[in-house]
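Structure assessment
Listed below are the residues making up each chain.
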Amino acid sequence: QVRLVESGGGLVQAGGSLRLSCAASGSIFSINAMGWYRQAPGKQRELVAAITSNGRTTYADSVKGRFTISRDNAKVTVYLQMNSLKPEDTAVYYCNLERAPTSAVYWGQGTQVTVSS
(Lines give C-alpha, C1' and ligand atoms only; values in the text may rest on other atoms or scores of the structure.)
Protein backbone atom coordinates (compact mmCIF):
# COMPACT_ATOMS: atom_id res chain seq x y z
CA GLN A 1 0.00 0.00 0.00
CA VAL A 2 0.99 3.59 -0.55
CA ARG A 3 1.29 5.86 2.46
CA LEU A 4 1.38 9.63 2.41
CA VAL A 5 2.71 11.41 5.48
CA GLU A 6 2.10 15.13 5.67
CA SER A 7 3.73 17.75 7.84
CA GLY A 8 4.18 21.49 8.09
CA GLY A 9 0.71 22.69 8.94
CA GLY A 10 0.05 25.02 11.81
CA LEU A 11 -0.97 28.49 12.86
CA VAL A 12 0.30 31.56 11.10
CA GLN A 13 -0.64 35.22 10.85
CA ALA A 14 -1.86 36.73 7.64
CA GLY A 15 1.06 37.56 5.39
CA GLY A 16 3.16 34.77 6.79
CA SER A 17 4.46 31.61 5.18
CA LEU A 18 4.28 27.88 5.66
CA ARG A 19 5.87 24.99 3.83
CA LEU A 20 3.92 21.74 3.65
CA SER A 21 5.63 18.44 2.98
CA CYS A 22 4.22 15.10 1.90
CA ALA A 23 6.42 12.03 1.82
CA ALA A 24 5.22 8.96 -0.04
CA SER A 25 6.24 5.42 0.75
CA GLY A 26 5.12 1.87 0.10
CA SER A 27 4.22 0.07 -3.09
CA ILE A 28 4.97 2.88 -5.52
CA PHE A 29 5.72 1.75 -9.04
CA SER A 30 5.61 5.14 -10.65
CA ILE A 31 3.73 8.40 -10.28
CA ASN A 32 1.49 10.23 -12.69
CA ALA A 33 1.04 13.26 -10.47
CA MET A 34 1.10 14.55 -6.93
CA GLY A 35 -0.79 17.46 -5.57
CA TRP A 36 -2.44 19.32 -2.77
CA TYR A 37 -6.12 19.78 -2.09
CA ARG A 38 -7.80 21.68 0.70
CA GLN A 39 -11.15 21.62 2.41
CA ALA A 40 -12.52 24.30 4.67
CA PRO A 41 -15.37 23.58 7.10
CA GLY A 42 -18.66 23.46 5.26
CA LYS A 43 -16.99 23.62 1.85
CA GLN A 44 -16.08 21.02 -0.72
CA ARG A 45 -12.55 19.85 -1.29
CA GLU A 46 -10.74 21.81 -3.97
CA LEU A 47 -7.53 21.46 -5.89
CA VAL A 48 -4.81 23.83 -4.73
CA ALA A 49 -1.83 22.75 -6.80
CA ALA A 50 -0.57 19.72 -8.66
CA ILE A 51 2.55 18.61 -10.46
CA THR A 52 2.66 15.88 -13.08
CA SER A 53 5.41 13.38 -13.79
CA ASN A 54 6.77 15.60 -16.55
CA GLY A 55 6.91 18.63 -14.27
CA ARG A 56 3.80 20.43 -15.44
CA THR A 57 2.19 22.42 -12.65
CA THR A 58 -1.28 23.76 -12.15
CA TYR A 59 -2.68 26.08 -9.50
CA ALA A 60 -6.01 27.28 -8.31
CA ASP A 61 -6.58 30.86 -9.37
CA SER A 62 -6.84 31.90 -5.74
CA VAL A 63 -3.26 30.86 -4.96
CA LYS A 64 -1.42 31.73 -8.16
CA GLY A 65 1.60 33.87 -7.44
CA ARG A 66 1.56 32.99 -3.75
CA PHE A 67 1.93 29.20 -3.62
CA THR A 68 4.54 27.03 -5.27
CA ILE A 69 4.44 23.27 -5.63
CA SER A 70 7.66 21.33 -6.02
CA ARG A 71 8.96 17.82 -5.60
CA ASP A 72 12.00 15.82 -4.65
CA ASN A 73 11.86 12.77 -6.87
CA ALA A 74 14.59 10.92 -4.97
CA LYS A 75 12.62 11.21 -1.74
CA VAL A 76 9.21 10.87 -3.41
CA THR A 77 8.18 14.00 -1.60
CA VAL A 78 6.06 16.91 -2.71
CA TYR A 79 6.11 20.35 -1.14
CA LEU A 80 3.80 23.30 -1.07
CA GLN A 81 5.43 26.62 -0.30
CA MET A 82 2.72 29.00 0.81
CA ASN A 83 3.56 32.69 0.98
CA SER A 84 1.45 35.76 1.68
CA LEU A 85 -1.10 33.63 3.44
CA LYS A 86 -4.62 34.94 3.84
CA PRO A 87 -7.34 33.98 6.31
CA GLU A 88 -9.28 32.43 3.43
CA ASP A 89 -6.45 29.93 3.01
CA THR A 90 -7.51 28.35 6.29
CA ALA A 91 -8.38 24.72 5.62
CA VAL A 92 -7.28 21.15 6.02
CA TYR A 93 -4.73 20.46 3.33
CA TYR A 94 -4.55 16.97 1.83
CA CYS A 95 -1.75 15.42 -0.14
CA ASN A 96 -2.73 13.38 -3.18
CA LEU A 97 -0.82 10.89 -5.30
CA GLU A 98 -1.90 9.27 -8.55
CA ARG A 99 0.02 6.08 -9.10
CA ALA A 100 1.11 4.77 -12.47
CA PRO A 101 0.34 2.74 -14.45
CA THR A 102 -3.07 1.98 -12.94
CA SER A 103 -3.96 5.56 -11.97
CA ALA A 104 -4.86 4.48 -8.45
CA VAL A 105 -5.33 7.48 -6.16
CA TYR A 106 -4.07 7.84 -2.60
CA TRP A 107 -4.67 10.50 0.02
CA GLY A 108 -2.84 11.73 3.05
CA GLN A 109 -4.47 12.24 6.41
CA GLY A 110 -4.63 16.00 6.08
CA THR A 111 -2.85 18.77 7.93
CA GLN A 112 -4.53 21.84 9.37
CA VAL A 113 -3.50 25.27 8.18
CA THR A 114 -4.98 28.18 10.10
CA VAL A 115 -4.29 31.76 9.08
CA SER A 116 -5.27 34.45 11.54
CA SER A 117 -5.93 38.07 10.73
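I will try to describe carefully the structure that is included in this document. (Residues numbered from 1 in each chain as written. Predicted model: local features only at pLDDT ≥ 70, side-chain atom pairs only at ≥ 80, totals over all residues. Heavy atoms only, no water.)

A few points about the state of the cysteines
Where two cysteines share a covalent bond between their sulfur atoms, that bond is called a disulfide. Across all of its chains, the model carries one disulfide by this definition. Sulfur-sulfur distance for the disulfide between Cys22 and Cys95 comes to 2.1 Å. The disulfide joining Cys22 to Cys95 has a torsion of about -85° about its S-S bond and is therefore left-handed. Here the residue Cys22 occupies a position in strand S3 (residues 18-26), and Cys95 occupies one in strand S9 (residues 91-100), the gap between them amounting to 73 residues. The same class applies to Cys22 and to Cys95, which are both buried. (Disulfide = S-S within 2.5 Å. Helix = DSSP H or I, 4+ residues; strand = E, 2+ residues; numbered from the N terminus. Buried < 20%, exposed > 50% of the residue type's maximum accessible area, 1.4 Å probe, protein only.)

Quick look at unusual backbone geometry
Of note, the amide linkage connecting Ala100 to Pro101 takes the cis form, showing an omega dihedral of 0°. Along the chain, Pro101 turns up in the loop between S9 and strand S10 (105-107). Of note, the phi angle at Val76 is positive, near 50°, even though the residue is not glycine. Relative to the helices and strands, Val76 is located in the loop between strand S7 (67-72) and strand S8 (77-82). A relative accessible area of 22% means that Val76 is categorised as partly exposed. At Ser103, a residue that is not glycine, the phi angle is positive and equals roughly 65°. Among the structural elements, Ser103 can be located in the loop between S9 and S10. The exposure class of Ser103 is partly exposed, given its relative accessible area of 37%.

Digging into the packing of aromatic side chains
In total, this model carries one aromatic pair according to the counting rule given. Centroid distance Tyr37 to Trp107: 5.0 Å. Interplanar angle 70°. Geometry classified as edge-to-face. Residue Tyr37 is located in strand S4 (residues 30-39), and its partner Trp107 is located in strand S10; the two are separated by 70 residues in the primary sequence. Classification of Tyr37 by relative accessible area gives partly exposed; the value is 24%. Assessed through its relative accessible area of 37%, Trp107 is described here as partly exposed. (Phe/Tyr/Trp six-rings, centres within 6.5 Å; stacked < 30°, edge-to-face > 60°.)

Quick word on the pattern of salt bridges
Applying the stated criterion across every chain, the model contains four salt bridges. Here Asp61 makes a salt bridge to Lys64, at a shortest N to O gap of 3.0 Å. Here Asp61 falls in the exposed class, since its relative accessible area comes to 64%. For Asp89, the salt bridge identified is with Arg66, shortest N-O distance 2.8 Å. Of this pair, Asp89 sits in the loop between S8 and S9 while Arg66 sits in the loop between strand S6 (57-59) and S7, placing them 23 residues apart in sequence. (Salt bridge = Lys/Arg side-chain N within 4 Å of Asp/Glu carboxyl O.)

Some details on the pairing of S9
Along S9, seven of the ten residues are buried, which leaves the element largely enclosed by surrounding structure. Of the pairings in the sheet, the one linking S4 to S9 comprises nine bridges and is antiparallel in character. Directly across from Ala33, in S9, lies its bridge partner Glu98. Summarising the sheet, S9 and strand S11 (residues 111-116) pair through three bridges and their orientation is antiparallel. Residue pairing for S11: Val92 is matched across the bridge by Gln112. As paired strands, S9 and S10 are joined by three bridges and run antiparallel to one another. If you follow Glu98 over to S10, its bridge partner there is Val105. Counted along the chain from S9 to the antiparallel partner S10, the turn is four residues long, and its residue Ser103 has a positive phi close to 65°. (Pairing = 2+ DSSP bridges.)

The values reported here are purely geometric and, on their own, carry no functional implication.
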